[in-house]
Amino acid sequence: MSYIDIIKEKARSDRKTIVLPETNDKRTLIAASHIIEEGIANIIMVGNEEKIMDGAGWLEVDLTGVRVIDPTKCEKLDEYVQLLYETRKHKGMTPEKARQILLTDNMTFGVIMVKANDADGMVAGACHATADTLRPALQILKTAPGVKLVSGFFILDVPNCEYGEHGTFLFADCGLNQDPTAEELAAIADTSAKSFKTLVGAKPIIAMLSHSTKGSAKHPLVDKVVKAVEIAHEQYPGLTLDGELQTDAAIVPSVAKSKAPGSEVAGKANVLIFPNLDCGNIGYKLVQRLAKAEAYGPMLQGIAKPVNDLSRGCSWEDIVGVVALTAVQAQLM
Ligand SMILES: CC(C)(COP(=O)(O)OP(=O)(O)OC[C@H]1O[C@@H](n2cnc3c(N)ncnc32)[C@H](O)[C@@H]1OP(=O)(O)O)[C@@H](O)C(=O)NCCC(=O)NCCS
Ligand SMILES: CC(=O)OP(=O)(O)O
């Protein structure tokens, strides 16, 4: 069974309700029909029912079983307006603004449904940039209790790969934090370890990546990763974590032997923490496109409820995968 088939099976075992607000996106409509057909999740789509069904008809996809909520006709609109107003009034939100946002922005409408416990999670980003997808989620749902920082990760399932957990890796941060501090990198490592345990089911072995291995290069960029490793050891002593490591030293046993002898991580890493978002976002796309890996994300970790993003380059199959993962995250909350 492939990695994503195992996740779909888990999702089916306790079916959750996921909102898909991007109803003018063809891939989202196709994905919704497959999710219902495969019994992975209950689906709520946000928008005008007639338009959505016209789109489905044109694509010849069957949306029977999908619930459509049109904000303009929604009986809970007043309740949602009040909830958005209460959540954001300290930032200048008014009831009038809240109503206008909810009537015009399906992404925020989806997030407020999650906040109101009328859905267990949301997946979007097929036709919105990450910043526009994640901002309402960060503003309205906020971080989970005890967590300081939300971050974005991908699960990469690399075909014919002997590295990582039989070719499965978690990469972070590939989606949210543009230039994390050393402290933030350590926090990203900690939440990534938890995500890996829950979504992959194996022991996380974490490499803090750099262009240097154990002092082979000197630069402030390297110093940041070295500091992050120190902080991680101090603040999260239970983690199996090492750095700074180059990618080959992190995942290839023979290279690890020569570059980082004695490291309990080098050559075995399955969780890769990138020093900044340039590295993380470029890195995951290279592995996805050149190694033909399945790439699910950017998923959020550390947020109070599951809202996950997609790349605008995603396929409908990627959307199905991220919905299944979102449903599993919701089971665990
Ligand atoms: C997501 C992003 C838009 C947030 O930045 P922003 O628009 O400037 O917004 P702010 O910094 O004002 O943050 C908005 C809210 O989210 C919260 N927030 C932002 N980043 C957060 C994080 N990493 N963890 C927790 N909360 C966060 C802020 O505290 C703020 O809350 P508040 O309004 O209640 O005070 C920004 O981090 C970003 O653009 N990231 C890169 C996204 C991207 O392009 N990725 C590449 C493709 S995947
Ligand atoms: C994850 C990501 O890179 O998203 P997008 O391709 O939409 O910018």
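All values reported here derive from a predicted model rather than from experimental measurement.

The rules we used
Residues numbered from 1 in each chain as written. Chains lettered and ligands numbered in written order. Predicted model: local features only at pLDDT ≥ 70, side-chain atom pairs only at ≥ 80, totals over all residues. Heavy atoms only, no water. Near = heavy atom within 4 Å. Polar contact = N/O pair within 3.5 Å; in protein donor to acceptor, adjacent residues only side chain to side chain. Areas by Shrake-Rupley, 256 points an atom, 1.4 Å probe, with all protein chains shown as cover. Helix = DSSP H or I, 4+ residues; strand = E, 2+ residues; numbered from the N terminus. Nonpolar A, V, L, I, M, F, W, Y, C, P; charged D, E, K, R; others polar. Salt bridge = Lys/Arg side-chain N within 4 Å of Asp/Glu carboxyl O. Buried < 20%, exposed > 50% of the residue type's maximum accessible area, 1.4 Å probe, protein only. Pairing = 2+ DSSP bridges. Contact = heavy atoms within 4.5 Å. Axes fitted to C-alpha atoms, helices over the stretch in contact; angles between N-to-C directions. UniProt positions renumbered as here; feature names shortened; annotations may be inferred. Patch = residues over 30% accessible without salt bridge, like charges linked within 9 Å, V, L, I, M, F, W, Y side chains within 5 Å. pLDDT = per-residue confidence, 0-100.

Bringing the site of ligand 2 into the picture now. Near ligand 2 the following residues occur: Thr 130, Phe 154, Asn 281, Tyr 284, Lys 285, Pro 298, Leu 310, Ser 311 and Arg 312. Within the side chain of Asn 281, a nitrogen or oxygen atom sits 3.0 Å from an oxygen atom of ligand 2. One of the side-chain nitrogen or oxygen atoms of Arg 312 is found 2.7 Å away from an oxygen atom of ligand 2. Taken by itself ligand 2 offers 260 Å² of open surface, and the protein chains cover 86% of this. When residues in the shell around ligand 2 are grouped by element, the largest group, three residues, is from helix α12 (residues 277–290). A breakdown of the residues in the shell around ligand 2 according to their chemical character gives four nonpolar, three polar and two charged.

Turning next to the site of ligand 1. Close to ligand 1 lie 18 residues, the nearest being Arg 88, Lys 91, Arg 135, Lys 142 and Val 150. Take Val 150: an N or O atom from its main chain is 2.9 Å from a nitrogen atom of ligand 1. Interatomic distance of 2.9 Å between a backbone N/O atom of Leu 176 and a nitrogen atom of ligand 1. Where the shell around ligand 1 is concerned, the elements lending two or more residues are α7 (130–141) and α12.

Summed over all chains, the structure comprises 13 salt bridges. Where Lys 214 meets Asp 242, a salt bridge forms, and the shortest distance between an N and an O atom there is 2.7 Å. You can see Lys 214 sitting in the loop between β7 (206–209) and α9 (220–235) and its partner Asp 242 sitting in strand β8 (residues 241–245), a full 28 residues away along the chain. Residue classification places Lys 214 among the partly exposed residues on the basis of a relative accessible area of 42%. A network of salt bridges, in which partner residues are shared, links Lys 76, Glu 79 and Asp 118.

Another point: the sheet that holds strand β2 (residues 42–46). An order of β3-β2-β1-β4-β11 is seen for the five strands of this open sheet, with the pairing classed as parallel. Strands with a single pairing partner mark the edges of an open sheet, and in this sheet they are β3 (67–69) and β11 (307–308). Contacting β1 (17–20) and β2, helix α2 (residues 26–38) runs over the sheet at an angle of about 155° to β2.

This brings us to the UniProt feature "domain: Phosphate acetyl/butaryl transferase" (unreviewed entry) in the chain. UniProt's entry tags residues 4–327 with the feature "domain: Phosphate acetyl/butaryl transferase" (unreviewed entry), counted in the numbering of this structure. Taken end to end, residues 4–327 is 47% helix and 15% strand, and its two terminal C-alpha atoms sit 12 Å from one another.

A cluster of nonpolar side chains, Ile 282, Leu 286 and Leu 290, forms an exposed patch at the surface whose accessible area comes to about 330 Å². Inspection of the secondary structure puts Ile 282 in helix α12.

With that settled, consider unusual backbone geometry. Looking along the chain, the bond that leaves Ala 172 and enters Asp 173 is cis, with omega of -15°. Glu 244 follows Gly 243 through a cis peptide bond whose omega is -10°. Mapped onto the secondary structure, Glu 244 falls in strand β8. Phi is positive for Glu 60, close to 60°, though the residue is something other than glycine. Counting through the fold element by element, Glu 60 comes out in the loop between α3 (49–59) and β3. On the basis of relative accessible area, Glu 60 is assigned to the exposed category, the value being 75%. One non-glycine residue, His 166, adopts positive backbone phi at about 50°. The topology assignment puts His 166 in the loop between β5 (151–157) and β6 (168–172).

To continue, consider the confidence of the model for the chain. Taken as a whole, the chain shows an average pLDDT of 96; of its residues, 100% reach a score of 70 or greater. ipTM for the predicted complex: 0.96, alongside a pTM of 0.95.

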